[in-house]
Amino acid sequence: METFVDHVSHSVLNEPEPWDGLLAAAGPRDHIVQLYQDQQFLNRAVCRFAAGAIANGEGVILVPTAAHWEAFRPRLEAEGVNVKSAQDNGQLTVVDADELLPRFMKGAMPDAPVFLGLAADVIAKAHAEGQYQKVRWWGEMVNVLWEQGNVAASMNLEDQFDRLAKHHEIAIFCSFVMDNFNSEVHSRLLPRLGQNHSHLIPVEDYARLERAVSDALRHNVGTDDARVLEQQLLSNYAPAFQMPRSQALLLALRESLPDLADSVLTRSRALYHGL
């Protein structure tokens, strides 16, 4: 049975790279956001980003919690990264998220000048006196704030990271514990994230998401109507940031037909997770 990818022109939405290729080749001013619920997906994504930087001769900054660094380190070693050597020669800089975050928080919100100053110092160190012309940064301070329930501070800090990426010409990657099949995430948070990110990694398996969304839409409206609706939605939708085509279809549906979007999202969740 044909799916919407057979009917929608590639000129409508450029097909993004798979997430692993995107992370391995992340470049200056890229600001990538990952949604995850599986710790292993987080480990794979962060280590792909860091290993890609090291393989390309770039400096890389990681700002994890202590627990996450303990999970990342053996994964990096398994990918062929000599972590001790990379840290000793300045190519890999690891900063504890729980130690850095309080240094620039003023009450419940980030103090932008203090944060930007501290971050600039970390970036300067990662350049290792010019040894590494390009630098990347992955961190989870925004997610720490998110998990504390401080959504306003989390989004404010993402805005500051976007400024950081543009000013210092570095790639930024962040990860949120967030359910991509939650209607509130689709209606409120993804539009907000689209204001300060260049790429969205919504799930680990893009092909499975595509099948799930396409099958869910056919289930709700029928095969023929699904084909027409898919084409119309994607033809008229301009995503705020790059994402898998199936994710763009979900957001276009949310924008145009919110009642139908809830039904499709619920069924997409079940199909994606094999429930």
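As shown above, the structure is provided for reference.
S.K.: Would you mind showing me how to read helix H13 (residues 258-272) here?
M.R.: In an α-helix there are 3.6 residues to a turn, and that puts residues three or four apart on one side. With 15 residues, H13 ought to run about 21 Å at 1.5 Å a step, and its terminal C-alpha atoms sit 20 Å apart, in line with that. Of all the residues in H13, the buried ones are Leu260, Ala261, Val264, Leu265, Ser268 and Tyr272. Down the axis of H13, the buried side of the element spans an arc of 130°, and every buried residue falls inside it. Among the exposed residues of H13, those pointing more than 90 degrees away from its buried face are Asp259 and Thr266. Following H13 by one or two positions, Gly274 adopts a phi angle in the positive range, close to 65°.

S.K.: Please clarify how the packing of helix H10 (residues 206-221) against helix H12 (residues 245-256) should be interpreted in this entry.
M.R.: Axes are the key here: two packed helices are described by the angle between their axes and the distance separating the axes. Between H10 and H12, the shortest axis-to-axis distance is 8 Å and the interhelical angle comes to 40°. Together, Tyr206, Leu209, Glu210, Val213 and Leu217 of H10 and Ser246, Gln247, Leu249, Leu250 and Leu253 of H12 make up the contact between the two elements. Residues of the contact of H10 with H12, tallied by class, amount to 7 nonpolar, 2 polar and 1 charged.

S.K.: Which parts of the structure should I look at to understand helix H3 (residues 66-78)?
M.R.: The first and last C-alpha atoms of H3 sit 19 Å apart over 13 residues, in line with the 18 Å expected at 1.5 Å per residue. Residues of H3 that are buried include every one of His68, Trp69, Phe72 and Leu76, and no others. On its buried face, H3 is in contact with strand S1 (31-36), helix H2 (39-55), strand S2 (59-63), helix H4 (83-88), strand S3 (92-94) and strand S6 (135-139). A positive phi of about 95° marks Gly80, the residue just after H3.

S.K.: Looking at this structure, how should I read the sheet that holds S2?
M.R.: Adjacent strands of a sheet pair through backbone hydrogen bonds, lying either parallel or antiparallel. Read across the sheet, 6 strands follow the order S3-S2-S6-S7-S1-S8 without closing on themselves; strand pairing throughout is parallel. Strand pairing shows two members of the sheet lacking a second neighbour, S3 and strand S8 (199-201), which therefore form its edges. Neighbouring strand axes in the sheet, compared pairwise and without regard to direction, differ in orientation by 15° on average. With 5 bridges joining them, S2 and S6 adopt parallel strand pairing. If you follow Gly59 over to S6, its bridge partner there is Val135. Against the sheet, helix H8 (residues 151-168) touches S1, S6 and strand S7 (171-177), its axis set at about 165° to S7.

S.K.: Any chance you could explain the pattern of salt bridges here in plain terms?
M.R.: Where charged atoms from two side chains of opposite charge come close, those side chains can pair. Applying the stated criterion to the full structure yields 14 salt bridges. We note a salt bridge from Asp159 to Arg192, for which the minimum N-O separation is 2.7 Å. Here Asp159, found in helix H8, pairs with Arg192, found in helix H9 (residues 183-193); they are 33 residues apart in sequence, far enough to count as distant. Of the residues examined, Asp159 reaches a relative accessible area of 27% and is grouped as partly exposed. Within this structure, Arg48, Arg75 and Glu79 form a network of salt bridges that share partners.

S.K.: So what exactly am I meant to see when it comes to the packing of aromatic side chains here?
M.R.: The description of an aromatic ring pair rests on the distance of the ring centres and on the angle between the ring planes. Within this structure, the stated rule accounts for 8 aromatic pairs. Ring geometry for Phe72 versus Trp138: centroids 5.3 Å apart, planes at 80°, classification edge-to-face. One end of the pair, Phe72, is in helix H3; the other, Trp138, is in strand S6, and 66 residues separate them in sequence. Residue class for Phe72 comes out buried when judged on its relative accessible area of 0%. You can call Trp138 buried: its relative accessible area is 0%. Aromatic side chains Phe181 and Tyr272 sit 5.4 Å apart centroid to centroid with 40° between the ring planes, which places their arrangement in the tilted category.

S.K.: Please explain the nonpolar core as it appears in this structure.
M.R.: Counting residues in each nonpolar core, the largest one holds 94 residues, and the members touching the most others are Trp137, Met141 and Phe176. The element best represented in this core is H2, accounting for 10 residues. With sequence-adjacent residues up to four places away left out, Phe176 is seen in contact with Val33, Gln34, Leu35, Tyr36, Val142, Asn143, Trp146, Ser154, Met155, Glu158 and Leu193.

About the thresholds
- Here the residue numbering is sequential within each chain, running from 1 through the sequence in written order.
- Per-residue local features of the predicted model are confined to residues with pLDDT of at least 70, and side-chain atom pairs are confined, for both listing and counting, to 80 or more; whole-chain, interface and lining totals are unaffected and use all residues.
- Excluding hydrogens and water, the side-chain figures rest on all heavy atoms present in the structure.
- Here a strand is any run of E in DSSP of at least two residues, a helix any run of H or I of at least four, and the numbering for each starts at the N terminus.
- In a helix, the anticipated span is given by 1.5 Å times the number of residues less one.
- Whether a residue is buried, partly exposed or exposed follows from its accessible area with a 1.4 Å probe, protein chains only, as a fraction of its type maximum: under 20%, in between, or over 50%, in that order.
- Taking the helix axis as origin, the arc is that swept by the directions to the C-beta atoms.
- An axis is simply a line fitted to the C-alpha atoms; with a helix, the fit covers only the stretch in contact. Between two such axes, the angle follows the N-to-C directions and lies from 0 to 180 degrees.
- The contact criterion used is simple: two residues touch if any of their non-hydrogen atoms lie within 4.5 Å.
- Gly counts as polar in this scheme, as do all residues outside two lists: the nonpolar Ala, Val, Leu, Ile, Met, Phe, Trp, Tyr, Cys and Pro, and the charged Asp, Glu, Lys and Arg.
- Any two strands with at least two DSSP-identified bridges between them are counted as paired.
- Salt bridges are counted wherever a side-chain nitrogen of Lys or Arg sits within 4 Å of a carboxyl oxygen of Asp or Glu.
- Working definition: a ring pair exists when centres of Phe, Tyr or Trp rings (six-membered ring for Trp) sit within 6.5 Å. Plane angles under 30 degrees give stacked, over 60 give edge-to-face, the rest tilted.
- Within this scheme, the nonpolar core is defined by two criteria: the residues are buried Ala, Val, Leu, Ile, Met, Phe, Trp, Tyr or Cys, and they are joined through side-chain atoms within 4.5 Å.

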